[in-house]
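Residue strings, one per chain:
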Amino acid sequence: QVQLVESGGGLVQPGGSLRLSCAASGVIFRINAMSWYRQAPGKQRELVAAITSGGTTNYADSVKGRFTISRDNAKMTMYLQMSSLKPEDTAVYYCSCSAETTIGNNYDYWGQGTQVTVSS
């Protein structure tokens, strides 16, 4: 089993910055793609950013140029650096990963979420 724990959420003023972390633990053979999703009240969960094991990244248009996804494979940790935050970035942010506990046994896992609120 793989556990994902997010941290770093909180309240920030518009224009401010936050850095989210997602730490993976458990019996893990390999972590493949890792992603950040968010869900605002009354809205569907949406992909924010994703990163492959090799470091290739992908961003939602709404966060391009403001958010940066990264990962430290040795620490099994993923980050989301968020800058120039807007009120519309307010949501619960979830991390997700595609991981193998044994070779070829690949499943998707989710964290419990961390609240990000952008408000003055």
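What counts, and at which threshold
Residues numbered from 1 in each chain as written. Predicted model: local features only at pLDDT ≥ 70, side-chain atom pairs only at ≥ 80, totals over all residues. Heavy atoms only, no water. Helix = DSSP H or I, 4+ residues; strand = E, 2+ residues; numbered from the N terminus. Buried < 20%, exposed > 50% of the residue type's maximum accessible area, 1.4 Å probe, protein only. Salt bridge = Lys/Arg side-chain N within 4 Å of Asp/Glu carboxyl O. Disulfide = S-S within 2.5 Å. Phe/Tyr/Trp six-rings, centres within 6.5 Å; stacked < 30°, edge-to-face > 60°. Lys NZ or Arg CZ within 6 Å of the ring centre and 35° of its normal. Core = buried A, V, L, I, M, F, W, Y, C linked by side-chain atoms within 4.5 Å. Contact = heavy atoms within 4.5 Å.

Caption draft 1: Up close: unusual backbone geometry. Phi at Met76 takes a positive value of approximately 50 degrees, unusual for a residue other than glycine. If you trace the backbone, Met76 turns up in the loop between β7 (67-72) and β8 (77-82). Judged by its relative accessible area of 26%, Met76 is partly exposed. Although it is not a glycine, Ser84 sits at a positive phi angle of roughly 50 degrees. Mapping Ser84 onto the fold places it in the loop between β8 and β9 (91-100). The exposure class assigned to Ser84 is partly exposed, which follows from its relative accessible area of 41%.

Caption draft 2: How the structure looks around the pattern of salt bridges. Per the counting criterion, the structure on display carries five salt bridges. One salt bridge connects Asp61 with Lys64, and the closest N-O pair in it is separated by 3.1 Å. Classification of Asp61 by relative accessible area gives exposed; the value is 64%. With its nearest N and O atoms 2.8 Å apart, the salt bridge here joins Arg66 to Asp89. Here the residue Arg66 occupies a position in the loop between β6 (57-59) and β7, and Asp89 occupies one in the loop between β8 and β9, the gap between them amounting to 23 residues. For Arg66, a relative accessible area of 12% translates into the label buried.

Caption draft 3: Summary view of the state of the cysteines. What the rule picks out here adds up to one disulfide. With a sulfur-sulfur separation of 2.1 Å, Cys22 is cross-linked through a disulfide to Cys95. The sign of the 55 degrees torsion about the S-S bond sets the Cys22-Cys95 disulfide as right-handed. Here Cys22 is found in strand β3 (residues 18-26), whereas its partner Cys95 is found in strand β9, with 73 residues between them in sequence.

Caption draft 4: The packing of aromatic side chains, seen in detail. Within this structure, the stated rule accounts for one aromatic pair. Ring geometry for Tyr37 versus Trp110: centroids 4.9 Å apart, planes at 55 degrees, classification tilted. Here Tyr37 is found in strand β4 (residues 30-39), whereas its partner Trp110 is found in strand β10 (residues 106-110), with 73 residues between them in sequence. Taking the relative accessible area as the measure of exposure, Tyr37 reaches 23% and is therefore partly exposed. Geometry around Tyr79 places Arg19 over its ring, the cationic atom sitting 4.1 Å from the centre. The ring of Trp110 has Arg45 lying over it, and the distance from NZ or CZ to the ring centre is 4.8 Å.

Caption draft 5: Just the nonpolar core, in detail. Residues Trp36, Leu80, Met82 and Tyr93 are the most contacted members of the largest nonpolar core, which totals 32 residues. Secondary structure elements with two or more residues in this core: β1 (2-7), β3, β4, β5 (46-51), β7, β8, β9 and β11 (114-118). Residues contacting Leu80, with those up to four places away along its chain left out, are Leu18, Arg19, Leu20, Trp36, Val48, Ala49, Phe67, Thr68, Ile69 and Tyr93.

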